[in-house]
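# Survey of secondary and tertiary structure
Next come the chains, spelled out residue by residue.
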Amino acid sequence: MEEEKKNLETKCGPGFPGIDLPPHFDEVIHKFITLCVPVHVTPKVRIGKVKTERCGDPIITSKDHHICNERKCDEGCHFFIVQKMKIEIPVEFDTTTKVEDSFVDCELKDE
């Protein structure tokens, strides 16, 4: 019993400071409650007009193509068209936050 009291004090702090129980009291009853504040956050994302821009000329290559390197292109011609691009995507992030009324759960379940 004494060990339980020590564990409880470690988790929840000591009893109420400044309140001394008269010597004839044997027990101190602890009651736990849970305080709740509901918060609802709704994301808002807006995408603007996307812009693209070519960076240099396209390159045609068959280098590094595994079929051409291994089979010497006996199944046809394989190549890549490679184009470097710059893409600009304007993104606006925002949220709507609603804080609702707080409440207390008195935890009145059968214990």
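Residues numbered from 1 in each chain as written. Predicted model: local features only at pLDDT ≥ 70, side-chain atom pairs only at ≥ 80, totals over all residues. Heavy atoms only, no water.

When its secondary structure is counted, the protein shows two helices and eight strands. Beginning at the N terminus, the succession of helices and strands in the protein can be written as α-β-β-β-β-α-β-β-β-β. Of all 111 residues assigned to the protein, the portion counted as buried reaches 2%. In the protein, the proportion of contacts linking residues at least 24 apart, taken out of those at least 6 apart, comes to 78%. Summed over its atoms, the accessible surface of the protein is roughly 10700 Å², and 56% of this surface lies on carbon and sulfur atoms. (Helix = DSSP H or I, 4+ residues; strand = E, 2+ residues; numbered from the N terminus. Buried < 20%, exposed > 50% of the residue type's maximum accessible area, 1.4 Å probe, protein only. Contact = heavy atoms within 4.5 Å. Areas by Shrake-Rupley, 256 points an atom, 1.4 Å probe, with all protein chains shown as cover.)

Next up on the list: the pattern of salt bridges. Evaluation of the coordinates by the stated rule reveals three salt bridges. Between Glu88 and Lys51 there is a salt bridge, with the nearest N and O atoms lying 3.9 Å from each other. Residue Glu88 is located in strand E6 (residues 85–88), and its partner Lys51 is located in strand E3 (residues 51–54); the two are separated by 37 residues in the primary sequence. Judged by relative accessible area, Glu88 falls into the partly exposed class, the value being 39%. Among the ionic pairs, Asp57 bridges to Arg54, the shortest N-O distance being 3.9 Å. Here Asp57 falls in the exposed class, since its relative accessible area comes to 61%. (Salt bridge = Lys/Arg side-chain N within 4 Å of Asp/Glu carboxyl O.)

Let us look at the environment of Ile87. Topologically, Ile87 is positioned in strand E6. Given the relative accessible area of 53%, Ile87 is considered exposed. A sequence separation of 35 residues divides Ile87 from Thr52, and the C-alpha atoms of the two residues are 4.5 Å apart.

What follows concerns a nonpolar patch on the surface. There is a patch of nonpolar side chains on the surface, built from Val45, Ile47, Val50, Met85, Ile87, Ile89, Val91 and Phe93 and spanning about 770 Å² of accessible area. Looking at the nonpolar patch, the elements that each hand over two or more residues are strand E2 (39–47), E6 and strand E7 (91–99). Take Val45: it is sitting in strand E2. With relative accessibility at 52%, the residue Val45 sits in the exposed group. (Patch = residues over 30% accessible without salt bridge, like charges linked within 9 Å, V, L, I, M, F, W, Y side chains within 5 Å.)

This part covers the environment of Glu100. If you trace the backbone, Glu100 turns up in the loop between E7 and strand E8 (103–105). The spatial distance from the C-alpha of Glu100 to the C-alpha of Val37 is 6.6 Å, given a sequence separation of 63 residues. Excluding its chain neighbours within four sequence positions, the residues that come into contact with Glu100 are Val37 and Pro38.

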